[in-house]
Amino acid sequence: MYKLIWLVPLLPLLGAAINGLLGRRLRFSEKLIGGIAVGSVALAFLISVLAVYSYGFGGGQQRWPKPYLTSEEGGLPYSWKWIPGGAVELTEGNAERAHIEGMRQAGENAERQAAEQHLPPGSPVLVAVPSVPERRTGALLDVEWSYQLDPLSAIFMLVVTGVGLCIFVFATGYMHGDPGFYRFFAYLGLFMFMMLVLVMGSNFLMMFVGWEGVGLCSYLLIGYYFDRKEAGDASRKAFITNRIGDFGFALAVFGIIATFGSAQYTTVFDQARAFPLEPIGVFGLMSWLALGLFIGACGKSAQIPLYVWLPDAMAGPTPVSALIHAATMVTAGLYMVTRTNVIFQHSQTMMLVVAVVGALTAIFAATIGITQNDIKKVLAYSTVSQLGFMFLACGVGAFAIGIFHVVTHAFFKALMFLGAGSVIHGMHHEQDMRRMGGLKKYMPYTYWTFLAGWLAICGIIPFSGFWSKDEILWNAASTTIIPYGWVLWLVATIAATCTAFYMTRLVAMTFWGKERFREKPAGGEADEAHAHAFAEGLKPHDAVTASAGDRPRHEPGEHVGPINEDVSGHVADHGHGAHAHGAHTPHESPPSMWVPLAVLAVLAIVGGFIGISPAFTGGSHMGGRANIVNWLQPVIWNPTTGQFGSPHEGTEGHGAEAQGAGAPLAASEASSVEHRQQSEAGGAETATPFGNTGFNLAQAAEKALGSHAAAEWLFIIISLIVAGIGIGLGLLFYVKNPRLPDVWAKRLAPVYRASYNKYWVDEFFGWAITRRVMAAARGVYAVDSEGIDGAVNGTAWLTRTASLITGGFDKYVVDGIVNGVAGFVKRLMNPILRRAQTGFTQNYALVMILGLVLAVAFFFSRDLITAVKSMLAFIPL
Amino acid sequence: MLNLLFPALAFFWQTGTGGRMSDVGNSVTHPDLSKFLVIGALLFIIGVAGVLTRRNIIVIFMSIELILNAANINFIAFSRYLQDMGNVNAVAGQVFTVFIIVVAAAEAAIGLGIVIALYRNKETIWVDEIDLLKW
């Protein structure tokens, strides 16, 4: 089955092509467009599931299959030479080698000459350096377009197509009535294709294509409502910010190709394993490569300092926010870091950088999220914060856990974004939480599914977020890869508390408490938009603003919903603008919207069981290959053993060169248990690739409590307690005593203002960078308009003047001479030549005859001369 | 060749040698072309002179017929000459003569038609009064 994976990216592309190229021309109905888009993704999801199943679990589970590459099939549908050999030749330092060879030969010549001349060795001899031709090694960069199926890409395939399918279905309901329906789904399908190319490509260049492609689609979809200025601005901001990251990524890819002579993952990582480790203080080749890659990951995955685009990206339609800016695209950085974990793990410095940046981003974004009022903004900062958690996991060496959090986060954050979309839809495009409240009664499905997402992100026990977040915190505390793991643990724990707090706040402000949506606008961002629209005299939902989507232009106090509508029954077709505008009475969304919510809610509840913490299952990752940590072992490099796979498994053949001959799973589990016990026996004996990394909180706890399991349980309890504290504070502030937020906002006014204004980061960038770039652009423009245009215009003036002069010369002098001569000849010859034209046929005939005679005479001229001579001979002279 | 250039002179020059055949070396008789060619040349010259000098367009026509017939005589003469030399199949010249006569008849018919049309328009058949080709 997995031989069909080349269809997985192709199907959404096909759907997008049909919708995009024909949707408008043939006036496809919304049903048809939605059917094509959803159908193509559903089919891709089906193929992915079957492929992953047959790859990982079919055909004897004893051995880990090798990474499956479609190029192994050969033939066009599977793969083709994308950049054939010869397009780029790798020099591999041939010029230097030739030079060295020449010098060596010169040395030999000198020695020989010295020997011939019987000079003592070492005496100076004058010899020429022979020029050695550069050796052609035939090392050509050969890049094929092929898809790779291995544990890592399998997970991403499933997440992208599976969560994507839910979001596609949701979008058919959410985008109902939008005039750009076909365009939206064309972009969305194109995005799916690019994302799948990113995660399924078998080399860095394909990853780069997907990387740029998802950036493009993100740009297109953020700016989907291009008639609104903030959407256009946000899309450009996202694009430009991503360019900065892509710059680093591209440099790293160049470096990788130059270093390893290939872009293929398998080749690169196999070679990279052999490089020496670079502890802190050494910043060698691997560190530079990792730095470039991480800059790229920062841009795409919204880490400090390049996170600023993600909150603004909420200007796009909500399904886009869910798909691109929560579940899939922003995790591309995680994918890339995990994919290149061999390179990252070679550099202790870069691991520390990744972890620190991740932890800082987590707390930074979480504290901003506390004070935001736009429901999507809160979720956006939450996403940034959760991405920080994932990078923290990668930085402390727990790449599998990072990917685990990607998966659970995709479930619950997509769920929450879609829930927010449902709320926005039900509230008639109201995004300000201050104007919501009490929606529980009106939107039961949305409410209950949202609760699942809330508990999951807060980290409450059996919900999915708990498993991954707890593992991240544990790994941060117990890391032996980098120093100061306990500081990172502390930061992340505080961030987790903030997460629980702001998510509780979000739920409370949206679904519980007083119903505020009937109140008059009381100021704030959303109301500015209202007032602005009022000033412009625009009606909401009319032809002009039908596409204004998530931030419509209502008149203040205008009725935007049906008054006498049965609230719970309002699940039918809800055509915007088709009905009279009533009060702001929210309504439940249609089934096409809440069914995906329900599916995602189930996933958010049970999704965490794919990676149950070892503490719960007796010290090993339970479930064999079905456990995500075990599943990902073949792609995770172990710096201690230098092999792929965990320390004990790697030696049994999970390395890249021996992935075909994997170890029996049962054995690996057994050895896993054994290893756990070993590390319990003595934490100091645990192999640390970079040596002692100072104080280790987990090991200290182990010593204090006497057992490894007890230490793990301690951390689990701590993380549950902080989640409880966060939720409790949220309930206290926003349910029990709604006056408290204002009181504390006044009491902590400077902190509150800083958080509310997002620490003025945008302003800082504006002051530090944008202003200067704009000034430079103006300078360049001035040079262009004054200098270059002036030069061009001056040249043009010069040319025109010169042509005027030469034109006059031509007209008066040259033409004068020609005409003068012609007139002179005419006047001179006219009386003579006109005589020839008598008009009498006989004259012309005479001329003809004369000509004939002359011709004959000329023809026989020799005979004629003879004749004349013979006749002259008769004449007596 | 001399007789080509000075036909009249050559004609009188040759009158002494009588007969269609001439003896060369008194042993073998050869057919003698020169008399016929001289006649043809004379006819041609008369025709040309007529075309160039006569004013009556009908007479010019007659002169053209003379030119054509000069050619006919040459054709016939050469045809017979070749037959006498032993090539009994050399009849192309005679065939051409028949063609020329036919073409001449057709040409005369068209020409006279043109003349009549001309006369109806210009009321004259004197060519020096017809100078429509003048500039």
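Not measured: the values here are computed from a predicted model.

K.L.:
When you look at the overall build of chain A in this model, what are you seeing that I'm missing?
P.N.:
Each helix and strand in chain A was counted, giving 31 helices and six strands. Looking at chain A residue by residue over its 877 residues, the buried ones come to 48%. Across chain A, contacts joining residues at least 24 apart in sequence account for 77% of those joining residues at least 6 apart.

K.L.:
What am I meant to see in the overall build of chain B here?
P.N.:
When you go through chain B residue by residue, the secondary structure sums to five helices and two strands. Start at the N end of chain B and walk to the C end: the helices and strands fall as α-α-β-β-α-α-α. By residue count, 12% of the 135 residues in chain B fall in the buried class. Taking the contacts inside chain B whose residues are at least 6 apart along the sequence as the reference set, 47% of them involve residues at least 24 apart.

K.L.:
I keep staring at the nonpolar core and nothing clicks. Help me out?
P.N.:
Across soluble globular proteins, you tend to see nonpolar side chains buried next to one another. Within the largest apolar cluster, 233 residues are counted, with the highest numbers of intra-cluster contacts made by A:Leu392, A:Ala414 and A:Ala492. Apart from the residues lying within four places of it in its own chain, the contact partners of A:Ala492 are A:Ala359, A:Ala362, A:Phe389, A:Leu392, A:Ile472, A:Leu473 and A:Ala476.

K.L.:
I'm lost on the environment of A:Ile717 in this one. Help?
P.N.:
Among the structural elements, A:Ile717 can be located in helix H26 (residues 708–736). Sequence separation between A:Ile717 and A:Ala154 is 563 residues, and the spatial gap between their C-alpha atoms is 33 Å.

K.L.:
How should I be thinking about the environment of A:Val761 in this particular structure?
P.N.:
Residues and elements named next belong to chain A. On the secondary structure map, Val761 appears in helix H29 (residues 761–833). Taking the C-beta count within 10 Å as the criterion, Val761 has 16 such neighbours and is therefore assigned partly exposed. Taking the C-alpha atoms as reference points, Val761 and Val308, 453 residues apart in sequence, are found 7.8 Å from one another.

K.L.:
Got a minute to help me understand helix H30 (residues 841–859) of chain A in this structure?
P.N.:
Along an α-helix, a turn takes 3.6 residues, which lines up residues three or four apart on a common side. Its 19 residues give H30(A) an end-to-end C-alpha distance of 27 Å, which sits within 8% of 27 Å, the value for a rise of 1.5 Å per residue. Of all 19 residues in H30(A), zero are buried, a share of ten percent or less.

K.L.:
When you look at helix H17 (residues 444–458) of chain A in this model, what are you seeing that I'm missing?
P.N.:
Residue and element names in this part refer to chain A. The first and last C-alpha atoms of H17 sit 21 Å apart over 15 residues, in line with the 21 Å expected at 1.5 Å per residue. Counting buried residues in H17 gives twelve out of 15 residues, a clear majority hidden from the surface. Those residues of H17 that fall on the buried side of the exposure criterion are Tyr445, Thr446, Tyr447, Thr449, Phe450, Ala452, Gly453, Trp454, Leu455, Ala456, Ile457 and Cys458.

K.L.:
I would appreciate a short explanation of the confidence of the model for chain B in the present structure.
P.N.:
A low pLDDT means the predicted coordinates there should not be read in detail. Residues and elements named next belong to chain B. For chain B, per-residue confidence averages 81 on the pLDDT scale, and residues scoring 70 or more make up 75% of the total. No element of chain B has a lower mean pLDDT than helix H1 (residues 2–5), which averages 52, and none a higher one than helix H5 (residues 92–122), which averages 92. Two summary scores accompany this predicted model of the complex, namely pTM at 0.70 and ipTM at 0.73.

About the thresholds
Residues numbered from 1 in each chain as written. Chains lettered and ligands numbered in written order. Predicted model: local features only at pLDDT ≥ 70, side-chain atom pairs only at ≥ 80, totals over all residues. Helix = DSSP H or I, 4+ residues; strand = E, 2+ residues; numbered from the N terminus. Buried ≥ 20, exposed ≤ 12 C-beta atoms within 10 Å, placed from the backbone. Contact = placed C-beta atoms within 7 Å. Core = buried A, V, L, I, M, F, W, Y, C linked by C-beta atoms within 7 Å. Expected span 1.5 Å × (residues − 1). pLDDT = per-residue confidence, 0-100.

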